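For reference, the chains in residue letters:
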Amino acid sequence: MGVVPRSGSNHVEVCSLVKKTMEQLKKIAPAGINLAVAFDSSEFIKNAISDVQFDLLFGSFLASLVVFLFLRNLGSTIIIALAIPTSLIGAFSVMYALGFTMNSMTMLALSLSVGEVVDDAIVVLENSFRHGEMGKDPVTAAREATDEVAFPVIASTLAIVAVFIPVAFIQGLIGRFYFQFGVTVSVAILISLFVAFTLTPMLCSRFLNARKRHGPVYNYLEETFAKIDGFYRQALDWSLRHRALVIT
């Protein structure tokens with residue numbers, strides 16, 4: 001006997017209930033009757049979601065690692081890394097309110113959002129660090145830095161949202177699959193904007209010390225980045241002096 005979930009139902013939940021019912025039937029089944037699961041399509045869904053969950057966690061780790069590589073400061077990296085779970089937890093709250101489930105599309109949306117939700121926080125923190133190097137106290141540096149980059153941060157975030165939110169309005173069968181995807185990505189990015197203007201400046205004003213002496217790792221990477229910057233300047237200068245050759 002085959003059990004097929006009806007349209008719109010939770011496939012994994014239906015399969016789980018069928019298994020529970022089958023266990024109850026085994027207790028009252030006549031002697032010689034054996035009940036077993038011949039095929040369970042929910043296992044493929046569970047494995048797919050499990051893989052996406054791993055990608056979500058691994059992506060968060062790699063994002064934090066890349067941030068540490070360029071910021072070269074553990075405290076700054078922790079401040080930025082906090083933007084990832086905060087934004088994703090906020091996205092989960094909206095998903096729950098809208099009745100979204102943990103499916104392949106929503107998990108894919110959250111995995112895609114991992115690299116996006118730290119962008120705004122990085123801009124705010126880097127500018128706060130720059131203002132701190134100018135001799136300002138941490139609170140003043142965080143406040144003025146946030147005010148300075150507020151408009152470009154909002155503009156860049158809304159540009160990303162403008163790409164994903166139309167996905168939620170696709171019509172037809174395809175639209176039913178991508179509605180949760182588009183909404184989840186857009187919500188996560190908008191929450192990251194809120195985090196960048198609230199949590200990140202607060203943490204910068206309390207824990208970011210731009211005048212602290214840097215360690216050997218910072219100095220080594222700073223020299224490396226300075227060499228890359230010098231090479232880029234030379235290449236850019238050569239390109240501007242040979243515009244025709246570069247265009248062709």
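The structure this text deals with has already been given above.
Residues numbered from 1 in each chain as written. Predicted model: local features only at pLDDT ≥ 70, side-chain atom pairs only at ≥ 80, totals over all residues. Heavy atoms only, no water.

**Topic: the nonpolar core**
- Ile80, Leu110 and Leu125 are the most contacted members of the largest nonpolar core, which has 33 residues in total.
- Once residues lying within four places of it in the same chain are set aside, the contact partners of Ile80 are Val67, Leu71, Val118, Ala121, Ile122 and Leu125.
- Of all hydrophobic cores here, the second largest spans 8 residues; its members include Ala109, Val167, Val185 and Ile189. (Core = buried A, V, L, I, M, F, W, Y, C linked by side-chain atoms within 4.5 Å. Buried < 20%, exposed > 50% of the residue type's maximum accessible area, 1.4 Å probe, protein only. Contact = heavy atoms within 4.5 Å.)

**Side note on the environment of Asn34**
- Relative to the assigned elements, Asn34 resides in the loop between α1 (11-28) and α2 (42-71).
- Measuring from C-alpha to C-alpha, the distance between Asn34 and Ile80 comes to 56 Å, with 46 residues separating the pair along the chain. (Helix = DSSP H or I, 4+ residues; strand = E, 2+ residues; numbered from the N terminus.)

**A word on helix α8 (residues 172-197)**
- End to end, α8 covers 38 Å across 26 residues, agreeing with the expected 38 Å (1.5 Å per residue, within 8%).
- Along its length, α8 shows its largest kink, about 40°, at Tyr178. (Expected span 1.5 Å × (residues − 1). Bend = angle between axes of the 7 residues up to and from the residue.)

**So, the environment of Phe231**
- Looking at where Phe231 falls in the secondary structure, it is placed in helix α10 (residues 216-241).
- In the structure, Phe231 is positioned 32 residues away from Leu199 in sequence and 37 Å away in space, judged by C-alpha atoms.

**Describing the packing of α2 against helix α5 (residues 104-113)**
- Packing of α2 against α5 brings their axes to within 9 Å, and their N-to-C directions diverge by 10°. With respect to their mutual orientation, α2 and α5 come out roughly parallel. Here the hand of the crossing between α2 and α5 comes out left-handed. Where α2 abuts α5, its residues Ala48, Ile49, Val52, Gln53, Asp55 and Leu56 lie against Ser104, Met107, Leu108, Leu110 and Ser111. (Axes fitted to C-alpha atoms, helices over the stretch in contact; angles between N-to-C directions. Parallel < 35°, antiparallel > 145°, perpendicular 65-115°, else oblique. Left-handed = near helix turned anticlockwise from the far one by under 90°.)

**A closer look at the packing of aromatic side chains**
- Taken as a whole and assessed by the stated rule, the structure comprises 5 aromatic pairs.
- Each ring, one from Phe54 and one from Phe58, has its centre 5.7 Å from the other, and the planes form 5°; the classification is stacked. One end of the pair is Phe54 and the other is Phe58, both in helix α2 and 4 residues apart, which spans about a single turn.
- Under the relative-accessibility criterion, Phe58 is labelled partly exposed at 41%. (Phe/Tyr/Trp six-rings, centres within 6.5 Å; stacked < 30°, edge-to-face > 60°.)

These results come straight from atomic positions and should not be treated as a statement about function.
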